[in-house]
Amino acid sequence: NAGVTQTPKFQVLKTGQSMTLQCAQDMNHEYMSWYRQDPGMGLRLIHYSVGAGITDQGEVPNGYNVSRSTTEDFPLRLLSAAPSQTSVYFCASSYSPGYQNTEAFFGQGTRLTVV
Amino acid sequence: SQELEQSPQSLIVQEGKNLTINCTSSKTLYGLYWYKQKYGEGLIFLMMLQKGGEEKSHEKITAKLDEKKQQSSLHITASQPSHAGIYLCGAVANAGGTSYGKLTFGQGTILTVHP
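Residues numbered from 1 in each chain as written. Chains lettered and ligands numbered in written order. Predicted model: local features only at pLDDT ≥ 70, side-chain atom pairs only at ≥ 80, totals over all residues. Heavy atoms only, no water.

Undergrad: What is the right way to look at the overall build of chain A in this model?
TA: Secondary structure summary: chain A contains zero helices and eleven strands in total. Reading the helices (α) and strands (β) of chain A from amino to carboxyl end gives β-β-β-β-β-β-β-β-β-β-β. The globule rule puts the C-alpha radius of gyration for 115 residues at 13 Å, and the 13 Å found for chain A is close to it. Principal-axis analysis of the C-alpha atoms gives chain A an extent of 40 × 30 × 25 Å. The burial tally for chain A puts 49% of its 115 residues in the buried class. Pairs at least 24 apart in sequence give 54% of the contacts found in chain A among residues at least 6 apart. Counting every atom, chain A has about 5200 Å² of accessible surface; 50% of that belongs to carbon and sulfur. (Helix = DSSP H or I, 4+ residues; strand = E, 2+ residues; numbered from the N terminus. Rg over C-alpha atoms; globule rule 2.2 N^0.38 Å. Buried < 20%, exposed > 50% of the residue type's maximum accessible area, 1.4 Å probe, protein only. Contact = heavy atoms within 4.5 Å. Areas by Shrake-Rupley, 256 points an atom, 1.4 Å probe, with all protein chains shown as cover.)

Undergrad: What am I meant to see in the packing of aromatic side chains here?
TA: A ring pair, where both rings are aromatic, is described by two values, the distance of the centres and the angle of the planes. Inspection of every chain in the model, using the stated rule, returns nine aromatic pairs over all chains. Summarising the aromatic geometry, the rings of B:Y33 and B:F45 are spaced 6.4 Å apart at their centres and angled 65 degrees between planes, so their arrangement reads as edge-to-face. Taken together, the positions of B:Y33 in strand β4 (residues 32-37) and B:F45 in strand β5 (residues 43-49) put the pair twelve residues apart, joining distant regions of the chain. Accessibility expressed as a relative area gives 0% for B:Y33, which makes it buried. Accessibility expressed as a relative area gives 25% for B:F45, which makes it partly exposed. Among the aromatic residues, those joined into a cluster by ring pairs are A:Y35, A:F106, B:Y33, B:Y35, B:F45 and B:F105. One cation-aromatic arrangement involves A:R68 over A:F74; the distance from NZ or CZ to the ring centre is 5.9 Å. (Phe/Tyr/Trp six-rings, centres within 6.5 Å; stacked < 30°, edge-to-face > 60°. Lys NZ or Arg CZ within 6 Å of the ring centre and 35° of its normal.)

Written as structure tokens, this is what we have:
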């Protein structure tokens, strides 16, 4: 059971380039989310999805796009990378956040540097 | 949006000492998560609390959710160097509607344990 798989683990981009961070889960979870982690800022929610075809913005959505065409995949797109998007990105999935004993599973993270 | 405030932001203790980390919200918490993160690594699920007054323990770590469900504390007894890391509290914003599944986090508490 792979859990939540993020690719790539590391990436360096030039300002203005675009790229897609991949996230896949094999647990048939409805809920998937993307976070960024910066020093002293904890995890900040970028976008989240409550099921295939349904996405919504989190706390810091600007500069990022998402789509959810399947239950398994939730890619995060950077359309025009900026140095301010240098961060560590985490993808998470769960059944129903807030229900008892429902753990949110996290990927291992993608360390992105924009130069 | 729901804001979660963690305190303290950082904590340095001597091995064997007890410590407490707090997580406070201005809104009612529907599901409170505690995670631990080693530097440069992914997130490790510690426990989840849902009911007011609920308390859970795992090894030397105990977490409580107050009766009003607006504050949680994480207590570590007889700390060890292995407890060092970043502790993050997360919570679900609402119990229903389109925001369900919106799991947001506090800014984290950095714990250092000196041997």
